[in-house]
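One letter stands for each residue in the lines below.
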Amino acid sequence: MMKKIGFITALLLLATTAMAGTIPSGTLTFTITPKITENTETVTVWIPYPMSDAFQTIDKMDVSGNYSESAVYRDPASEAVYLYANWQKPAKAPTCVMRFHIAQRDRRNTAITDNGGAFPELVQEYLKRRPSCRPTPPR
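Read on for an overview of the structure. (Residues numbered from 1 in each chain as written. Predicted model: local features only at pLDDT ≥ 70, side-chain atom pairs only at ≥ 80, totals over all residues. Heavy atoms only, no water.)

### Observations regarding the sheet that holds strand S6 (residues 96-104)
The 3 strands are arranged S1-S6-S3 in an open sheet whose pairing can be described as antiparallel. The open sheet has two edge strands, strand S1 (25-32) and strand S3 (56-65), and neither has a second partner. Sheet twist, expressed as the average angle between the axes of neighbouring strands with direction ignored, equals 15°. (Pairing = 2+ DSSP bridges. Helix = DSSP H or I, 4+ residues; strand = E, 2+ residues; numbered from the N terminus. Axes fitted to C-alpha atoms, helices over the stretch in contact; angles between N-to-C directions.)

### Considerations on the nonpolar core
With 13 residues, the main nonpolar core has Ile-47, Leu-83, Trp-87 and Met-98 as its most contacted residues. When contributions to this core are tallied by element, the ones reaching two or more residues are strand S2 (42-48), strand S5 (81-88) and S6. Those residues within four positions of Ile-47 in sequence are excluded, and the remaining contacts are Ile-32, Val-81, Tyr-82, Leu-83, Cys-96 and Met-98. (Core = buried A, V, L, I, M, F, W, Y, C linked by side-chain atoms within 4.5 Å. Buried < 20%, exposed > 50% of the residue type's maximum accessible area, 1.4 Å probe, protein only. Contact = heavy atoms within 4.5 Å.)

### Here we look at the pairing of S5
With respect to burial, S5 is a largely interior element, 6 of its 8 residues being buried. As paired strands, S2 and S5 are joined by 7 bridges and run antiparallel to one another. Bridging across to S5, Val-43 finds its partner in Trp-87. Strand direction decides the pairing type here: strand S4 (residues 69-74) and S5, joined by 6 bridges, are antiparallel. Its bridge partner lying in S5, Ser-70 is registered against Ala-85. The turn linking S4 back onto S5 is made up of 6 residues, and Glu-79 within it adopts a positive phi angle of 70°.

### Regarding the packing of aromatic side chains
Under the definition given, this model contains 5 aromatic pairs. Judged by centre distance (4.9 Å) and plane angle (50°), the rings of Trp-46 and Tyr-84 are tilted. Residue Trp-46 is found in strand S2, and its partner Tyr-84 is found in strand S5; the two are separated by 38 residues along the sequence. (Phe/Tyr/Trp six-rings, centres within 6.5 Å; stacked < 30°, edge-to-face > 60°.)

### A closer look at the pattern of salt bridges
This model, assessed by the stated rule, comprises 3 salt bridges. Of the charged contacts in the structure, one is a salt bridge between Arg-74 and Glu-79, with a shortest N-O distance of 3.7 Å. Note on Arg-74: relative accessible area 47%, which makes it partly exposed. (Salt bridge = Lys/Arg side-chain N within 4 Å of Asp/Glu carboxyl O.)

So, in structure tokens, the structure goes:
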């Protein structure tokens, strides 16, 4: 039994070490199917569109569906990017599928050091002692 536990522990350590060096990644698929009635004239959806940035890489983007038209737009005020899809007098259930691969980067900042300075004023409020609340035992 001890040999089995030792083997399992060693296997878990190896798996953890191997996984620590990998970048979290995978393929995501979103299927959007708005509900319609027989009298539906127009269906329009705006779907947040994933973009690469300093912490993630988006690639292999594929958008498909039975929409009448689609496009990708950027909102000038917020800089957010959206997929626009529109169905005119849909004869069957509207469907839009967005599939992409994402690879995330580590967000930890290991270069942070304690400079001995005070916490910023904005944070001070959250450092104050608060009265504690003892849980009431169930009856």
